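Read off the chains here:
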Amino acid sequence: MSAVFAVDIGGTKFAGAVVRADRTIADRAEVPVGADPTATLAALVARFDLTGVTGVGVGSAGPVHLDLGAVSPVNIPAWRRFPITAVLADLTGGRPVALAGDAQCMALGEHWHADIPTLLGVVVSTGVGGGLVLDGAPYLGRTGNAGHIGHIAVGRDDEPCPCGAFGCVERLASGPGMVRWAAGLGWTGTDARALAADAARGVPVARQAFARGADALAAAIVNTATLFDLHTAVVGGGVAAAGPVLFDPLRAAVARRSGIGFLHDLTVLPTALGRDAGLYGAAALALARA
Ligand SMILES: [Zn+2]
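No experiment lies behind these values; they were computed from the predicted model shown.

Peer 1: Go over the coordination of the zinc ion with me, naming the residues and quoting the values.
Peer 2: Only His151 (ND1), Cys161 (SG), Cys163 (SG) and Cys168 (SG) from the protein reach the zinc ion as donors, at distances of 1.9 to 2.4 Å. Coordination geometry of the zinc ion: the four donor atoms subtend angles of 105 to 115° at the metal centre, consistent with an arrangement described as tetrahedral. Mapping the donors of the zinc ion onto the primary sequence gives the spacing H-x9-C-x1-C-x4-C. In this pair, histidine 151 sits in the loop between strand 10 (137-139) and helix 4 (169-173) while cysteine 163 sits in the loop between strand 10 and helix 4, placing the two residues twelve residues apart along the sequence. A relative accessible area of 45% means that cysteine 163 is categorised as partly exposed.

Printed below as a string of structure tokens:
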């Protein structure tokens, strides 16, 4: 059976797996990103026996420069326009390499797993990312950054975003965004995990922070669903791992904001694959290309 090599490039760790066409993982490894991320990538690849592997798929933190086969991950300053497809081809004996964004791979992984032909994948973590699968194929866009739901504007113009715009979803719904808002109202916890724990215990300011973030996320999900006639949004990422604390207000806000008839069955699901979704998506990308 044919197999591919999948790589997931995150800000703090690189993960790899040999994935068979029947969606089973033959081998996997993870390496924390060192001072020289290019050496980290080489060390990851060296851990695998690539005999029988026909291609490589890589999902990376963005921005992505699809025309250059390059990436500029925000959390890896050493890589700016880093030619990851050429480097990975070199490291794997000239195998063909397919590239997409990490959240696009998450969406593609969930599509491959659950066979949902059209879906929006959303990653809620230190940032907010997303990816679209339309009629069974990943939609990467002109530059490779389609689906970037974190910078859809849903808020007011007194909420500036580091991207240069204002009112962005990421500003309102990311872990740090919710923590910042709660801290402004006197909450003294440390991070999004603590905020989620407080929300689960019913601490009002923490619940309000999640309600506000969930409403921003719901606005962006419903806007996207309206544009693309979507039935399903799959939500993952570290903040989404909080579970009902996010999903309860999110589903309520999606229902409240879904007015037009074809959105009546718009469904928000938690990720089925968790942290592996990106690896599966990178594998699906490579298999589609092979
Ligand atoms: Zn923005």
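From this point on, the discussion continues.
Peer 1: Talk me through unusual backbone geometry; I want residue IDs and the actual numbers.
Peer 2: Omega for the peptide link from glycine 62 to proline 63 comes to 5°, which places this bond in the cis form. Despite not being glycine, aspartate 229 has its phi angle at roughly 60°, a positive value. Inspection of the secondary structure puts aspartate 229 in the loop between helix 7 (204-228) and strand 11 (232-236). Judged by relative accessible area, which is 51%, aspartate 229 ranks as exposed.

Peer 1: Any details on the packing of helix 3 (residues 102-114) against helix 9 (residues 277-289)? Residues and values, ideally.
Peer 2: Close contact between helix 3 and helix 9 brings their axes to 6 Å; oriented N to C, the two are set at 80°. Compared by their axis directions, helix 3 and helix 9 come out roughly perpendicular. On helix 9, the residues that touch Cys105, Met106, Leu108, Gly109, Glu110 and Trp112 of helix 3 are Ala277, Gly278, Tyr280, Gly281, Ala282, Ala283, Ala284, Leu285 and Leu287.

Peer 1: Give me the lowdown on the sheet that holds strand 2 (residues 13-20), citing residues and values where you can.
Peer 2: Pairing in this open sheet of five strands is mixed, and the strands run 3-2-1-4-7 from one edge to the other. Edge positions in the sheet fall to strand 3 (25-32) and strand 7 (97-101), since each of these pairs with one other strand and no more. Adjacent strand axes in the sheet meet at a mean angle of 15° when their direction is disregarded. Where helix 1 (residues 37-46) meets the sheet, it contacts strand 1 (3-9), strand 2 and strand 3, and its direction lies at approximately 30° from that of strand 2. Along the sheet, helix 9 contacts strand 1, strand 2, strand 3, strand 4 (53-60) and strand 7; its crossing angle with strand 1, the most-contacted strand, is approximately 135°.

Peer 1: Could you give an account of the sheet that holds strand 10, naming the residues involved and the relevant values?
Peer 2: Here we have five strands laid out as an open sheet, ordered 10-9-8-11-12, and mixed in their pairing. Every interior strand has two partners, whereas the edge strands, strand 10 and strand 12 (267-270), have only one. Across the sheet, the mean angle from the axis of one strand to that of its neighbour is 25°, orientation sign disregarded. As defined by bridge partners, strand 8 (residues 119-124) adjoins strand 11 across five bridges and the pair is classed as parallel. Counterpart to glycine 121 in the pairing with strand 11 is valine 234.

About the thresholds
Within each chain, residues carry numbers counting from 1 in the order of the written sequence. In view of the model being predicted, local features appear only for residues whose pLDDT reaches at least 70, and side-chain atom pairs are presented and counted only at 80 or more, with totals across whole chains, interfaces and linings using the full set of residues. Side-chain metrics in this entry use all non-hydrogen atoms of the structure; hydrogen atoms and water are not considered. Sites may look incomplete because water is not among the atoms; the donors themselves are N, O and S atoms within 2.8 Å of the metal, or within 3.2 Å for Na, K and Ca. Between 85 and 135 degrees for all angles marks four donors as tetrahedral; over 155 degrees for opposite donors together with 65 to 115 for all other angles marks four donors as square planar and six as octahedral; every other arrangement is irregular. Only DSSP runs of H or I with at least four residues qualify as helices, and only runs of E with at least two residues qualify as strands; both kinds are numbered from the N terminus onward. We call a residue buried when its accessible area falls under 20% of the maximum for its residue type, exposed when it is over 50%, and partly exposed in between, using a 1.4 Å probe and counting protein chains only. To get an axis, fit a line to the C-alpha atoms, keeping to the stretch in contact for a helix; angles then go from 0 to 180 degrees between the N-to-C directions. Should an angle fall under 35 degrees it is called roughly parallel, over 145 degrees roughly antiparallel, and 65 to 115 degrees roughly perpendicular, with every other angle called oblique. We call two residues in contact when some of their heavy atoms are within 4.5 Å. When DSSP finds two or more bridges between two strands, those strands count as paired.

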